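# Chains, contacts and geometry: an overview
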Amino acid sequence: MIELQTSLLDNMIGVGDMVLLEPLSENSFIQNLKNRFDHDEIYTYIGTVVISINPYQSLPIYTADKVEEYRNRNFYELNPHIYALADEAYRSLRDQDKDQCILITGESGAGKTEASKLVMSYVAAVCGKGQEVNKVKEQLLQSNPVLEAFGNAKTVRNDNSSRFGKYMDIEFDFKGDPLGGVISNYLLEKSRVVKQPRGERNFHIFYQLLSGASDDLLKRLKLERDVSKYNYLSLDSAVVSDLDDGANFRIIMDAMKTVCFMDNEVQSVLELVAAVMKLGNIEFKSESRVNGFDESRVEDNNDLKEICELLGIEQIVLERAFSSRTLEAKQEKVSTTLNVAQAYYARDALAKNLYSRLFSWLVTRINESIKVHWLFSKKVMGVLDIYGFEIFENNSFEQFIINYCNEKLQQIFIDLTLHEEQEEYIREGIEWKNIEYFNNAVICDLIENNNKGILAMLDDECLRPGTVTDETFLDKLNTVCAGHHHFESRHCTNSQFLTDHTLPHNCFRIQHYAGKVLYCVEGFVDKNNDLLYRDLSQAMYKARHPLIKLLFPEGDPSKMNLKRPPTAGFQFRASVGTLMKNLQTKNPNYIRCIKPNDKKAARIFTETLVRHQVRYLGLMENVRVRRAGYAFRQLYKPCLERYKMLCQQTWPHWRGPAREGVEMLLNSLQVPKEEFCYGCSKIFIRNPKTLFALEKKRRECLEVLAAVIQKIYRGWKQRKHFLLMKKSQVVVAAWYRRYSQQKKFQKIRICAIIVQSLIRRWKVGSLKDKVDIFRIGGAVVQWIQKYFLDLKKKIPSMSPIDKTWPPQPYQFLEGTHKELGRIFHLWRCKKYRDQFTEQKKAIYEEKLDASTIFKDKKALYPGSVSQPFKGDYLEINQNPKYSKLKGLLEEKVILADVVHKINRANGKGTARLFLLTKKHFVLADLKSVQIKATVPLPDLASVAVSSQSDGFFALKIKEGSASAAKGDFLLSSERLIEIITKLLRAGTHTAERSEINVDISDE
Ligand SMILES: Nc1ncnc2c1ncn2[C@@H]1O[C@H](COP(=O)(O)OP(=O)(O)O)[C@@H](O)[C@H]1O
Ligand SMILES: [Mg+2]
């Protein structure tokens, strides 16, 4: 069995991959999420899909260290993390050339935008470095705050809710370095500019500008710092805790610089923002006209005047545009007056259009900065962060559009994961148990069907002649959509909901995949029409302000177009269609965001809320499909290419069909049969574990292969070097030999020539020549003779210590002269030695011994050198007094003398006879000649003397010997040197001398 260490299996809180959850039920699923969430584990996998739960607190899991940890690691190797998904996507983009898209879904406030930023920052951190690359990265990342300032707002769901959809393609070169990108934006919720639901705010930029701009800037923009001065800005939630508008304003200004906005561009943008804000303050009053109609008039001209100054518009033009409107049909112009309500409508329409066009321009402008000027093939990573599914108390056209978009995203998710997965198994001929899941294609159809879809109905109504109202639109829906299972309305023709009081008369309800949403039709027609009176767009086009002019190209009278512009719904449907097509060409990576509670609070996990999201996101089905299926699949050929080094038969080349190669490979690796399945074109691997085991083996094998390659290369390199050296050596040797032989040859040649010439001369020459030849030889002989004779005269003395030797007379005899000196010295030393008798030799030997023992060690020694060692001082043989002793001693006496034995008790000496033979030393009484002690020499352990000039010496007896009973002897004698030398010499003959030590100490 293949064992694999993955942290996905070890040390995990709950289960990291829902595919491994046992038993699998909705309850256990949610319990697992909760368990992990309670331990701050906000990420969990379903196979390759990442579930992310908004922690509503900053967790320490996005550090640079974490980035390093996840970099180049297998998806399942570490704790589930959004970085793992980002890494996987980036690597398969870089290494396998697959375009990627990151699809982030979830409801508003679930953490989609944060997730998209985390993915981007991760990719920025791991991709290439360098000045140019860093600049690109910085621009890509800094585009975020700019767009967020203009496109995000505080809602009841989220303090930083994206009010536009965003899809960003990041483009890379073949090395994986970022080159730039393209941003697409989808339908900004522009109604927010003029009105915000209770508890919500307008877009951030308004508040940021008012609190962050300098006094000077505000003055130039003709603004006042007080938020309450502006009708368009909601007051009840102008201040959001945790949001520092002033500081953010400066961040945004810096970010705009980074993204290469010019100073004058920034100025223009701020002027437009100011103009929008001031537009809200224009009030109208009605004035009766002679024709009986009421006409609206601007009440207080000051704001209008300032707006016109800001934008460079003639006041009268704008004023007129607010009080009348020109209708044009077939070259006929009709002017009608506007009543007050129409004037307000026109004002708001202008504000909304100004702002949303400004926003689109910002996106275009950013795109210009981050555009890739690269013609070669690029790889793309798309990040989609689109507004999440929304259900408010009051849902209007915007929510309808937003939710439609989410339906489409769900559709693509179903398509690519569930549907596609099942389809693939069928295609590949793999046995497959069908998994039931809800396919929301019917809901998409309800909305976008070309003939009967809600959007098509709306367009029909908007374009229809006659009176068109929201009510007529609803009537139409009631007839056309009545039969649809996901459509509910009070007045449906089948009247199923007639008594449903939760369904107001002016509303319809759609059963979205994510729940039922009640839409109020009020404003649908207007918002879809998105009408801006032509007089206003023309007024804007006439402005001297360069940016405004650019934003209203349709105001150009020369390019006037009588055709209606496409409706908002139509445009949106088209752009969503393009987006879906784009996403389908890429390899999808899913992040499914879940919101744990409605309070934007940390650590609260509301089970019902999560259960609802788990259901509509289809996560359970996702797990089931995963579990029923195979975790990994790959075409046979790339699979074989990747792992062929793991089997002898497939390495380095497999000649047969790829499928057979893979079979051979898996069989030889003994992967259990149930772990894989052979499809028509792909191999399916059931468990990630098996895949990682293969990957691990591959990595190990690659290391070995790398070592083999290295080895062979090194061997080759060294051999090449060696061969070169060998060749060089042969050349050098050949040249040297040639040189030395040439030299030798020259010498021989010269000699030969001399000898030859002498011989020739000898042969042919006269007597005189012969004499000459002798003379040359003779001269040398003469010199040598002279040398020896001289040397004889100067020969030094025969004393071995004489170091002189006469100087050398001839250079050519240098070696001979030195050698003669050495031989002479050796010879005279020998002569000197030869004259010694045996006796004399012994005496000298004794003296030499004394010298080695005592020289430079005892002060008494120098005095002893000149005194001959007599040995028998008592003349034992001649003196009859000692005849008695002679009898006792069988051996020859080597030494006989009088010594003093020192009494240990009082230190006084008693005279004693000291006799030494080859085997013993003896102490005897001086008067009675009585033997006191006979000690065999082997019993003597050591002799101790001082270094001074005294005559004391101690004879130490070996412990445990027969003589030990008598104890050591402490004696004294003037002839200490002789006595001890002889004692030791005698000792050498009887026992090993080395055993008798002489201790000479300072005491
Ligand atoms: N990973 C996270 N870590 C910490 N806070 C987060 C995280 N994701 C989301 N949040 C918090 O939740 C808020 C809403 O997230 P956001 O991404 O704007 O939601 P969405 O885009 O889905 O509407 C953020 O402003 C942030 O305060
Ligand atoms: Mg968002």
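Computed from a predicted structure; not experimentally measured. (Residues numbered from 1 in each chain as written. Chains lettered and ligands numbered in written order. Predicted model: local features only at pLDDT ≥ 70, side-chain atom pairs only at ≥ 80, totals over all residues. Heavy atoms only, no water.)

Regarding its fold elements, the protein presents 31 helices and 27 strands. Taken over the C-alpha trace, the protein has a radius of gyration of 58 Å; the compact-globule value for 1003 residues is 30 Å, which it surpasses by more than 25%. With the C-alpha coordinates of the protein rotated into their principal frame, the extents come out at 185 × 105 × 75 Å. Counting the 1003 residues in the protein, one finds 49% classified as buried. For the protein, the share of sequence-separated contacts (at least 6 apart) that also reach a separation of at least 24 residues comes to 65%. Looking at the protein, you have 146 positive and 125 negative side-chain charges, and the mean spots of the two groups are 16 Å apart. (Helix = DSSP H or I, 4+ residues; strand = E, 2+ residues; numbered from the N terminus. Rg over C-alpha atoms; globule rule 2.2 N^0.38 Å. Buried < 20%, exposed > 50% of the residue type's maximum accessible area, 1.4 Å probe, protein only. Contact = heavy atoms within 4.5 Å. Lys, Arg positive; Asp, Glu negative; His and termini not counted. Charge placed at Lys NZ, Arg CZ, Asp CG, Glu CD.)

Further remarks concern the coordination of the magnesium ion (ligand 2). By definition of the ideal shapes, four donors in a tetrahedron about a metal sit 109.5 degrees apart, and six donors in an octahedron sit 90 or 180 degrees apart. Protein-derived coordination of the magnesium ion (ligand 2) comes from T113 (OG1) and S162 (OG), at a distance range of 2.0 to 2.2 Å. With a gap of 49 residues between them, T113 in helix α4 (residues 112–126) and S162 in strand β5 (residues 161–162) connect regions that are remote in the sequence. For the pair formed by T113 and S162, the shared burial category is buried. (Donors = N, O, S within 2.8 Å, 3.2 Å for Na, K, Ca; no water.)

Looking now at the nonpolar core. Residues F29, F150, L318 and F508 are the most contacted members of the largest nonpolar core, which totals 208 residues. Take this core: its biggest share by element is 14 residues, from helix α12 (residues 340–370). Contacts of F150, omitting those with residues within four sequence positions, involve F203, I205, V269, V273, Y355, L358, F359 and L362. (Core = buried A, V, L, I, M, F, W, Y, C linked by side-chain atoms within 4.5 Å.)

Right, let's talk about the site of ligand 1 for a bit. Neighbouring ligand 1 are 15 residues; N54, G109, K112, T113 and E114 lie closest to it. T113 has a polar side-chain atom sitting 2.7 Å from an oxygen atom of ligand 1. Contact between ligand 1 and N160: an oxygen atom at 3.5 Å from a main-chain N or O atom of the residue. Alone, ligand 1 offers 550 Å² of accessible surface; in the complex the protein occludes 84% of this. The class makeup of the residues in the shell around ligand 1 is four nonpolar, eight polar and three charged. (Near = heavy atom within 4 Å. Polar contact = N/O pair within 3.5 Å; in protein donor to acceptor, adjacent residues only side chain to side chain. Areas by Shrake-Rupley, 256 points an atom, 1.4 Å probe, with all protein chains shown as cover. Nonpolar A, V, L, I, M, F, W, Y, C, P; charged D, E, K, R; others polar.)

We now examine the packing of aromatic side chains. Using the criterion set out here, one finds 38 aromatic pairs in the structure. Consider the rings of F400 and F508, whose centres lie 6.1 Å apart with planes at 80°: the pair is edge-to-face. Of the two residues, F400 is situated in helix α13 (residues 397–427) and F508 in strand β14 (residues 507–512); the sequence distance between them amounts to 108 residues. Given the relative accessible area of 0%, F508 is considered buried. An aromatic cluster is defined as three or more aromatic residues linked by ring pairs; in this entry it consists of F397, F400, F473, F487, F508, Y519 and F524. Sitting above the plane of the Y207 ring, R201 keeps its charged end 4.0 Å from the centroid. (Phe/Tyr/Trp six-rings, centres within 6.5 Å; stacked < 30°, edge-to-face > 60°. Lys NZ or Arg CZ within 6 Å of the ring centre and 35° of its normal.)

Spatial ordering of the open sheet is given by β17-β19-β18, a layout of three strands whose pairing is antiparallel. Where the open sheet ends on each side, the last strands, each with one partner, are β17 (632–635) and β18 (676–678). Adjacent strand axes in the sheet meet at a mean angle of 20° when their direction is disregarded. For β18 and strand β19 (residues 682–685), the ladder comprises three bridges, and the chain directions are antiparallel. Looking at the pairing, F676 lines up with I685 of β19. Of the strands in this sheet, β17, β18 and β19 are in contact with helix α23 (residues 636–643), which crosses β17 at around 100°. Across the sheet, helix α24 (residues 658–669) is in contact with β18 and β19; its angle to β18 comes to roughly 155°. (Pairing = 2+ DSSP bridges. Axes fitted to C-alpha atoms, helices over the stretch in contact; angles between N-to-C directions.)

The tally for this structure, following the rule as stated, stands at 61 salt bridges. R36 is the salt-bridge partner of E41, the closest N and O atoms lying 3.8 Å from each other. Residues E41 and R36 agree in their burial class; the two are buried. A salt bridge links K830 to D834; its shortest N-O distance comes to 3.0 Å. (Salt bridge = Lys/Arg side-chain N within 4 Å of Asp/Glu carboxyl O.)

As recorded in UniProt, the feature "binding site: ATP" (unreviewed entry) lies at G106, E107, S108, G109, A110, G111, K112 and T113. Non-local contacts of E107, meaning those with residues more than four positions away in its chain, are made with K112, G388, F389, C593, K595, Q613 and Y616. Note on placement: G111 falls in the loop between β3 (100–105) and α4. The residues touching G111, leaving out its near neighbours within four places in the chain, are N54 and C593. (UniProt positions renumbered as here; feature names shortened; annotations may be inferred.)

Mapping F953 onto the fold places it in strand β25 (residues 952–957). Overall, the relative accessible area of 0% leaves F953 in the buried class. Counting along the chain gives 16 residues from F953 to F969, while the straight-line C-alpha distance between them is 8.2 Å. Aside from chain neighbours lying at most four places away, what touches F953 is A944, V945, F969, L970, L971, S972, S973, L976, I979 and I980.

In sheet architecture, strand pairing relies on hydrogen bonds along the backbone and comes in two forms, parallel and antiparallel. What the seven strands build is an open sheet, ordered β1-β2-β16-β3-β12-β6-β7; its pairing is mixed. The open sheet is flanked by β1 (43–46) and β7 (178–186), the only strands paired with a single partner. Taken pair by pair, the neighbouring strands of this sheet meet at an average axis angle of 20°, ignoring direction. Taken together, the four bridges between β1 and strand β2 (residues 49–53) define a ladder with antiparallel strand orientation. Within β2, the position partnered with T44 by the bridge is I51. In this fold helix α1 (residues 26–38) packs onto β1, β2 and β16 (587–594), with an angle of close to 150° to the strand it touches most, β1. Docked against the sheet, helix α5 (residues 131–151) engages β6 (165–172) and β7, running at close to 15° with respect to β7.

Within the secondary structure layout, I205 lies in helix α6 (residues 204–212). For the pair I205 and F150, spaced 55 residues apart in sequence, the C-alpha to C-alpha distance is 5.5 Å.

Let's shift gears to a nonpolar patch on the surface. A cluster of nonpolar side chains, V780, W783, I784, F788 and F812, forms an exposed patch at the surface whose accessible area comes to about 470 Å². Structurally, I784 is set in helix α26 (residues 767–794). (Patch = residues over 30% accessible without salt bridge, like charges linked within 9 Å, V, L, I, M, F, W, Y side chains within 5 Å.)

Turning to the side chain of K586, a few remarks are in order. If you trace the backbone, K586 turns up in the loop between α20 (568–584) and β16. A relative accessible area of 8% places K586 in the buried class. At 3.3 Å, the side chain of K586 forms a polar contact with the side chain of Y167. Engagement of the side chain of K586 in a polar contact is seen with the side chain of N582, the distance being 2.5 Å. If near-sequence neighbours (up to four positions away) are discounted, K586 is found in contact with D99, Q100, C101, Y167, D169 and V380.

So, on to α6. Turn by turn, an α-helix covers 3.6 residues, leaving residues three or four places apart pointing in a common direction. Counting buried residues along α6, eight of its nine residues qualify, which places the element largely inside the surrounding structure. Every buried residue of α6 is accounted for by H204, I205, F206, Y207, Q208, L209, L210 and G212.

It is worth spelling out the packing of α5 against α12 at this point. At their nearest, the axes of α5 and α12 sit 11 Å apart, and the two run at 175° to each other. Looking at the two axes, α5 sits roughly antiparallel to α12. Every residue of α12 that contacts α5 at Q139, L140, S143, V146, L147, A149, F150 and G151 is listed here: Y355, L358, F359, L362, V363, I366, S369 and I370. Here the contact of α5 with α12 is composed, by residue class, of twelve nonpolar, four polar and no charged. (Parallel < 35°, antiparallel > 145°, perpendicular 65-115°, else oblique.)

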